[in-house]
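Chain by chain, the residues run as shown.
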Amino acid sequence: MKKIFAGLIVVVMSCTFSGCNFFQGEPSESPASPQSSLENEMDALLSSEDLVMLQKQAERLTDCLVSHALTPEMRKAVLAEGKLMLSAAEAEMVDELAWYFMLAAPLYREDLDFPYATLAQLSEDGYTFYFPIHNAQQMTSQLFGRENWLPEIAHPYYHEDAARFEKPTETGVYTAYGCTEMESTVEPDNYITVTFQLIDTPAYPGLERYGRHRFDFAVCQGEEGPYLQLQSCEFIEPAVPLPPEPPDNQIDRSSLPPEISQSPDLPTADTIYHYHVPNPKSLDLEALIANFSRLDQEKDILTKLPDSYVLQESQESGVKRILSKGWSFAGTEGILIADYTTDPTTTETKNDTLLRVDYWTLNYDLEMFRQVLQAINSLNLPGIDEYEQEALALYDIYLSKQGDYLSVEEYAEPYLPSNSHIACIPVCFRNSDGTTIQIEAVFWSADEAAEFFPDALKEDSKTNSLLLSGIMIRLNFANDVGV
């Protein structure tokens, strides 16, 4: 995964791998049944109820690890090694696994079988998850064998004065893979194994199957009772190929819905749509960063963004939106959207929090995106002295479905392949009132632009317009990085 910052200067704490207090031994080649495993030495410490509980925990831990923490880099390392021992894996790889696992833990807050359901705390206003450093380091010590855990990837989210990590509830979690056909087994020698078919995230069903894998968890004894520690991930066997699709001429199209039984006429390059209004306003990013704050209220945002109004349809999601049309930046034209939340616990007076201000535009090529980045880098923006950060630059193309990267230097086409995007490493600035702002830039493929871009940008386009790409510039006020 790409790092949040390039060249981030941090004080790295000593982080070591620790084992756990359990009977020595390796998982057997032939999985034993839970009944036979009850006859081994584990009986001296654990009851059958304990083992049932630990089996359920192993399955829930596996679900979270596979669905929200396993990275393509680690999957490839497992495939290369056959069996990857966590104690021998690269420290950065284990840190990423632990970090993404922690951020996803709140998804399992109501799951009684998930052992870290109380890892995170929800702020009183409901907008932020807090991860106390004590809770996080206890989790990483138990599950990953990592002591004194405070990795570089987590530093931008760590608040030393409060001794905790913070994550806005409205931000998503990492997702790359999914698992099916899960089976857990209690093994001799104090192990519980979980086998599963590794697939792409269910968001893309049937796209790719990576074969059967196995997680080995050691049953460890702690002061508060038994817990599980992930020991290894193993590639067991390739996936069974799916049956081939029938030839197109053998598909009975009479049973298909009318809207997909025939392909519509493809648009031509002559119908490329560019957003345009007469006399667009010039977007001054320097003024925007200087004048906006996360403490801005709805009325402040409406005042600062000319010709703006509240989009009523966005209120059901809990994030409200203000739209301002008719802007231009670095040879492009687009719209501005400000997202903000209102504290539901305040009734006498409104208490809004500005999350982000986005500039959106459509159908410019990769070379124009380079010009947009150059225009941003040429601005005189107030940086944060304690961070050494590079200018916004093109990164490799991320292939969303494959979970892999394509070299942007070797890519010669003007637009991206389907299901892909380029996300530049954010850089940080601090405005006059001390608000820290991340500035991000993303170049989207046509299909991802169609999925993520606001309807307000496309509402004036013709129905047969050819959608080619999208560009987003984001000023993110939600993560108060470095303070």
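You'll find the structure just up there.
### Things to note about the environment of Leu373
Stage number 1. By the element assignment, Leu373 lies in helix 9 (residues 366-377).
Stage number 2. Judged by relative accessible area, Leu373 falls into the buried class, the value being 4%.
Stage number 3. Between the alpha carbons of Leu373 and Leu392 there is a distance of 6.1 Å; along the sequence they are 19 residues apart.

### Topic: helix 9
Stage number 1. Here helix 9 is 12 residues long and its end C-alpha atoms lie 17 Å apart, about the 16 Å a rise of 1.5 Å per residue gives.
Stage number 2. Those residues of helix 9 not exposed but buried are Leu366, Met368, Phe369, Val372, Leu373 and Ile376. Burial along helix 9 is one-sided: seen end-on, the buried residues are contained in an arc of 155°.
Stage number 3. Considering only its buried residues, helix 9 is in contact with helix 7 (285-291), strand 14 (320-329), strand 15 (332-342), strand 19 (420-423), strand 21 (436-445) and strand 22 (469-476).

### Some points on the pattern of salt bridges
Stage number 1. Counted by the stated rule, this structure contains 13 salt bridges.
Stage number 2. Of the charged contacts in the structure, one is a salt bridge between Asp216 and Lys83, with a shortest N-O distance of 3.7 Å. Taken together, the residues Asp216 in strand 10 (residues 209-222) and Lys83 in strand 2 (residues 83-85) connect sequence positions 133 residues apart.
Stage number 3. According to the relative accessible area criterion, Asp216 is buried, its value standing at 0%.

### Concerning the sheet that holds strand 4 (residues 128-132)
Stage number 1. Strand order in this open sheet of 4 strands is 3-4-7-6, and the pairing throughout is antiparallel. With partners counted over all chains shown, the strands left at the sheet margins are strand 3 (121-122) and strand 6 (158-159), one partner each.
Stage number 2. As defined by bridge partners, strand 4 adjoins strand 7 (residues 164-168) across 5 bridges and the pair is classed as antiparallel. Residue pairing for strand 7: Phe131 is matched across the bridge by Phe165.
Stage number 3. Its contacts with the sheet place helix 5 (residues 133-144) against strand 3, strand 4, strand 6 and strand 7, and it is angled at close to 65° to strand 4.

### Focus: the pairing of strand 7
Stage number 1. Counted residue by residue, strand 7 has 4 buried out of 5 residues, so it is predominantly covered.
Stage number 2. Summarising the sheet, strand 6 and strand 7 pair through 2 bridges and their orientation is antiparallel. Each residue of the ladder has a partner; that of His159, found in strand 7, is Arg164.
Stage number 3. Connecting strand 6 to the antiparallel partner strand 7 that follows it, the hairpin turn spans 4 residues, and Ala163 within it adopts a positive phi of roughly 55°.

### Section: the packing of aromatic side chains
Stage number 1. In total, this model carries 16 aromatic pairs according to the counting rule given.
Stage number 2. When the centroid spacing of 5.2 Å and the interplanar angle of 20° are considered together, the rings of Phe369 and Phe443 count as stacked. With Phe369 in helix 9 and Phe443 in strand 21, this residue pair connects regions lying 74 residues apart in the sequence.
Stage number 3. Note on Phe369: relative accessible area 0%, which makes it buried.
Stage number 4. According to the relative accessible area criterion, Phe443 is buried, its value standing at 0%.

Rules of the game
- Residues numbered from 1 in each chain as written.
- Predicted model: local features only at pLDDT ≥ 70, side-chain atom pairs only at ≥ 80, totals over all residues.
- Heavy atoms only, no water.
- Helix = DSSP H or I, 4+ residues; strand = E, 2+ residues; numbered from the N terminus.
- Buried < 20%, exposed > 50% of the residue type's maximum accessible area, 1.4 Å probe, protein only.
- Expected span 1.5 Å × (residues − 1).
- Arc of directions from axis to C-beta.
- Contact = heavy atoms within 4.5 Å.
- Salt bridge = Lys/Arg side-chain N within 4 Å of Asp/Glu carboxyl O.
- Pairing = 2+ DSSP bridges.
- Axes fitted to C-alpha atoms, helices over the stretch in contact; angles between N-to-C directions.
- Phe/Tyr/Trp six-rings, centres within 6.5 Å; stacked < 30°, edge-to-face > 60°.

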